[in-house]
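Residue-level structure breakdown
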2 protein chains.
Amino acid sequence: MALIVKKFGGSSVANAERVFNVANRIIEDYKEGNDVIVVVSAQGDTTDDLIEKALEINPTGASKREMDMLLSAGEQISISLLAMAIEKLGFPAKSLLGWQAGFQTDSHHTIARIKNINTERIKNEIAKRNIVIVAGFQGLNKYDDITTLGRGGSDTSAVALAAALKADLCQIYTDVDGVYSADPRKVPNARKMDEISYDEMLELATLGAQVLNNRSVEMAKKYNVELEVLSSLEKKPGTIVKEIVKMEKTLIKGVAKDNNVARISIVGLQDTPGIAFKLFNKLAQYKVNVDIILQSVGRHGTKDITFTVPKDQALLAKEAIDSLEGSLNFQEVSIDETISKVSIVGAGMESHPGVASKMFEALCDAGINIQMISTSEIKISVLIDVKYADKAVEAIHEAFLNYL
Amino acid sequence: MALIVKKFGGSSVANAERVFNVANRIIEDYKEGNDVIVVVSAQGDTTDDLIEKALEINPTGASKREMDMLLSAGEQISISLLAMAIEKLGFPAKSLLGWQAGFQTDSHHTIARIKNINTERIKNEIAKRNIVIVAGFQGLNKYDDITTLGRGGSDTSAVALAAALKADLCQIYTDVDGVYSADPRKVPNARKMDEISYDEMLELATLGAQVLNNRSVEMAKKYNVELEVLSSLEKKPGTIVKEIVKMEKTLIKGVAKDNNVARISIVGLQDTPGIAFKLFNKLAQYKVNVDIILQSVGRHGTKDITFTVPKDQALLAKEAIDSLEGSLNFQEVSIDETISKVSIVGAGMESHPGVASKMFEALCDAGINIQMISTSEIKISVLIDVKYADKAVEAIHEAFLNYL
């Protein structure tokens, strides 16, 4: 007998038929004697429909407190319907809103962080052998106001609950059947992995393989919650995400691309001490998320600094740089939004120099020019022209096929 | 400066335009320095849509606990949208769910009764000069489960809140502009009343003039909450419902009909002691709501007993009577569902015998046969053929026009 937390996304409960499909999955585990807690998102398009209603009232953005009040109604609908379906199938279920399930958060409406989960109510319901259906994405702040956790919040709810209850497993059901070495819709040879470490999963998530929300993986790593990413449609094992301590060999876990990248180059920076600090400190003040940074020696004793930011922060970054006029001397700033970041991820690659050169060779053979390179302990990223992004992923994947 | 509770129904907030219309009505009172608390129902068809979703999952009826969880999402949507509209217009608003507003109920899911309202949170918000928007129809039981108050629950929420806060006035906005002496769609001369007593309003409500929910009028009477029934579309005074102590003259307040009536006649009852007790005790056990009762002497030393019940309870009543076979001897039972109850309501009529005869005269002149008569201190009801119901209301209204 185990304690299992299961999370189903909005598309998994989009209509009555799917709700029953999910209910049956839950009941299977329950019938085996397990304690089952289920975290659910709002049905299909509910959240979008509610946002639409808010925009009709205030197109420039309603207050965040009231947005949280509005959007949290979405999960309220899905949890009650799922509980009804389980009851209809003859099993005991209780739906609980975020606050009823004990989710206490800070007061940052629409992007709240979980501070604590008071699990008393859930434990009581489990003790009565009820299947507990919890509204994901939502909690309550210290003023008794409803908060939401932001994008991917239901994943975070599920992992936090698994951590608080010391669950044996946290299963995240999605529309794919696991974590792949590359996007299986683009790369025919993409391989599903049986296991992956938290760090590798984090790198893949950051790189645009949007299977799991980053915050939830970070939390799973912190509290050592074993995750399984699996399909809500087919019944087969998914990918286990857990701490993998010993790496016997280089394991390239995946190839991913991220097209949401802009490259900003500052050319001809006057080479005085502290200019990098000045620049990146200012960017931090403007809340620009800088990713890769490259500094090189320019002509006539100047420096060039190039860095990448998410596309939608490019203008903000430019503004930050412009605000330094006078204290920062340079020749010009250019922004390039036609690039993609393609990366391979795998623990242990820092001790295998051959990995990088193999990746570069694959790109060279495919006739793709590398604009920038960045490496970490478990990741090698290159910036290339966006029009070659899919081609690059396929070429690299092909090259590493034997490792995958 | 006054403390005003305003209640708007679902059609008043059915779309963005109407939400702004309501917001403007609220702001007018707020700008005059009043403290304003607003109770809102779910938007337009939201509740029906949610019920539809539940029926897709369980056509034979989902558990009441989960129905309450589901349906209470409806007001959550409307309160947040209304708060957003008020904020958009530049005024401070806070939406509160039933439990946040302190509504504590018993545990009878879908038909819960309010036990107490903890007004601390609302008072705090008012003290900060916030316009408070409260979700009607919902509360929380002692197990921290969401409950709903049943049909007309938002009216009850508003009156209960007005009572708990000792509000100066409780305004119930509807799609009519007040309480009329007859249905204004059917009777052209129907007159709007400026004032009406709680008891008269209760009689009218019971008789099918569905302007105000009965429970809310009973509660208003109990706690002496002054009500105003008024239009959410036009801006003009409505009808005040309050305790009217001294009646200087007979005031016929209205004429109403109720077609949801079935008449059950038991003919040729053997005349032994206690048969009425036996019969109505059994009907009470079957939870049949008996309205008018008439007992008359039949032929050969037998009795006839005739009574009315709501149409949908006629078969239940028949079942109750059949269960008495053996202990109750009678010749036959007949059910007539083609009748209507037409009534006039007005305090003080018991001391004016002319009222009844005037009513009967009006019906006689219109060629309408009276099947049964029942009177109370403030009401005279007659049972007639349902096909003459509208004609009867018009004839009676015409006869009493000078009194109205």
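All of these numbers come straight from a predicted model, not from anything done at the bench.

Basis of the calculations
Residues numbered from 1 in each chain as written. Chains lettered and ligands numbered in written order. Predicted model: local features only at pLDDT ≥ 70, side-chain atom pairs only at ≥ 80, totals over all residues. Heavy atoms only, no water. Pairing = 2+ DSSP bridges. Helix = DSSP H or I, 4+ residues; strand = E, 2+ residues; numbered from the N terminus. Axes fitted to C-alpha atoms, helices over the stretch in contact; angles between N-to-C directions. Contact = heavy atoms within 4.5 Å. Phe/Tyr/Trp six-rings, centres within 6.5 Å; stacked < 30°, edge-to-face > 60°. Buried < 20%, exposed > 50% of the residue type's maximum accessible area, 1.4 Å probe, protein only. Lys NZ or Arg CZ within 6 Å of the ring centre and 35° of its normal.

Right, let's talk about the sheet that holds strand S18 (residues 379-385) of chain B for a bit. All names here are of chain B. The strand order across the open sheet built from 6 strands is S14-S15-S13-S16-S18-S17, with neighbouring strands paired in antiparallel fashion. Lying at the two open borders of the sheet, with one neighbouring strand each, are strand S14 (293-297) and strand S17 (372-376). Averaged over all neighbouring strand pairs, the angle between strand axes comes to 30 degrees, with direction disregarded. Here S17 pairs with S18 via 5 bridges, running antiparallel. Note that in S18 the partner of methionine 372 across the bridge is leucine 383. Contacts from helix H11 (residues 354-365) reach strand S16 (332-345), S17 and S18 within the one sheet, and its direction differs from that of S18 by about 20 degrees.

For the coordinates displayed, the defined rule picks out 7 aromatic pairs over all chains. Ring geometry for phenylalanine 280 of chain B and phenylalanine 307 of chain B: centres 5.5 Å apart, planes at 75 degrees, overall edge-to-face. Of this pair, phenylalanine 280 of chain B sits in helix H9 (residues 275-285) while phenylalanine 307 of chain B sits in strand S15 (residues 302-310), placing them 27 residues apart in sequence. Overall, the relative accessible area of 0% leaves phenylalanine 307 of chain B in the buried class. The ring of tyrosine 30 of chain A has arginine 129 of chain A lying over it, and the distance from NZ or CZ to the ring centre is 4.0 Å.

Next up on the list: the sheet that holds strand S9 (residues 169-174) of chain A. Residues and elements named next belong to chain A. Spatially, the 8 strands line up as an open sheet ordered S3-S6-S2-S1-S9-S11-S12-S10, and their pairing is mixed. One side of each edge strand has no neighbouring strand; the edge strands of this open sheet are strand S3 (93-96) and strand S10 (195-197). Strand-to-strand twist across the sheet, computed as the mean angle between neighbouring axes with direction ignored, equals 20 degrees. Relative to strand S6 (residues 131-135), strand S2 (residues 35-40) is paired through 4 bridges, and the arrangement is parallel. Looking at S6, one finds that isoleucine 37 is bridged to valine 132.

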